[in-house]
Amino acid sequence: MKNKLFAENMEKDYHSSQISSAGWYIASYIQRIDPVTAYEDEDSSHEPWAVWENRILVRASTPDEALRRTNEHLAECGSEYTNSDGVLLRYTVVGLTSLLPIYDSLEDGNEIEWIDHTGETVIDMFERVRDNSSLEAFTIPERATDQQGEQGGADQPATVLQSPSQEKKNTKLESKVRPQ
């Protein structure tokens with residue numbers, strides 16, 4: 001059963017800004033991990049055990065092809081598994097958040113993504129700039145756990161959270177996704 005969020009756009013006339021001259025698109029999507037019972041109850045105020053926004057590269061020559069190929073990749077995502085605590089978990093793709101063309105070839109230092117902030121003030125612009133130490137590559141996510149399942153902190157090593165497809169290769173992560 002196809003999710004209506006992934007319905008294909010049959011439009012065939014594209015603006016030049018919609019076409020990736022490099023032949024690549026970045027697809028972003030939301031993935032949810034929760035006990036199966038939470039899916040059955042479907043309480044919209046429920047806080048899932050894990051919510052990740054993932055990005056994948058998709059080779060395509062048009063937005064329609066990129067969407068089709070993205071949907072093919074995402075159709076392989078999602079399953080149920082029992083973690084080491086005996087809880088039956090399900091991970092699913094909730095929906096797409098963006099599909100962006102890449103305009104330059106994939107080489108070191110080439111631009112792959114941009115966001116138009118035209119219209120913001122100089123103050124707004126500078127408020128978005130961060131110190132190097134607060135960039136994602138140098139921080140531990142607030143709810144990340146270390147290898148022993150303890151909350152991470154500034155003096156604790158970060159766990160590399162893996163997608164469920166990687167999880168099958170590393171069963172240690174199965175017990176890491178737990179409620180607060």
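Up top is the structure.
As the structure is a computational prediction, the values presented were derived from the model and not from experiment.

Thresholds, definitions, all that
Residues numbered from 1 in each chain as written. Predicted model: local features only at pLDDT ≥ 70, side-chain atom pairs only at ≥ 80, totals over all residues. Heavy atoms only, no water. Helix = DSSP H or I, 4+ residues; strand = E, 2+ residues; numbered from the N terminus. Areas by Shrake-Rupley, 256 points an atom, 1.4 Å probe, with all protein chains shown as cover. Core = buried A, V, L, I, M, F, W, Y, C linked by side-chain atoms within 4.5 Å. Buried < 20%, exposed > 50% of the residue type's maximum accessible area, 1.4 Å probe, protein only. Patch = residues over 30% accessible without salt bridge, like charges linked within 9 Å, V, L, I, M, F, W, Y side chains within 5 Å. Salt bridge = Lys/Arg side-chain N within 4 Å of Asp/Glu carboxyl O. Pairing = 2+ DSSP bridges. Axes fitted to C-alpha atoms, helices over the stretch in contact; angles between N-to-C directions. Contact = heavy atoms within 4.5 Å.

Caption draft 1: A look at the overall build of the protein. Regarding its fold elements, the protein presents 4 helices and 4 strands. The secondary structure elements of the protein, listed N-terminal to C-terminal, are β-α-β-α-β-β-α-α. For the protein, the exposed surface amounts to about 12400 Å²; the carbon and sulfur share of it is 51%.

Caption draft 2: Inspection of the nonpolar core at higher detail. Formed by I33, A50, W52, Y81, L89 and Y91, the largest nonpolar core amounts to 6 residues. At the level of secondary structure, the elements contributing two or more residues to this core comprise β2 (50–59) and β4 (88–102).

Caption draft 3: Spatial organisation of a nonpolar patch on the surface. On the surface, V122, M125, F126 and V129 cluster together into a nonpolar patch covering about 420 Å² of accessible area. With respect to the helices and strands, the residue V122 is situated in helix α3 (residues 122–128). For V122, a relative accessible area of 53% puts it in the exposed group.

Caption draft 4: Spotlight on the sheet that holds strand β1 (residues 24–35). Strand order in the open sheet formed by 4 strands is β2-β1-β4-β3, and the pairing between neighbours is antiparallel. A single partner strand is all that each edge strand has here, and the edge strands are β2 and β3 (79–82). Here the average twist between neighbouring strands, direction ignored, is 30 degrees. In the packing of helix α2 (residues 63–75) onto the sheet, the strands contacted are β1, β2 and β4, and the crossing angle to β4 comes to about 165 degrees.

Caption draft 5: Seen up close, the pattern of salt bridges. Applying the stated criterion to the full structure yields 6 salt bridges. Taking the shortest distance from any N to any O, the salt bridge between E72 and R68 comes out at 2.6 Å. Of the two residues, E72 and R68 are both situated in helix α2; the distance of 4 residues between them amounts to about one turn of the helix. Owing to a relative accessible area of 39%, E72 belongs among the partly exposed residues under this scheme. Classification of R68 as partly exposed rests on a relative accessible area of 34%. R128 is the salt-bridge partner of E120, the closest N and O atoms lying 2.6 Å from each other.

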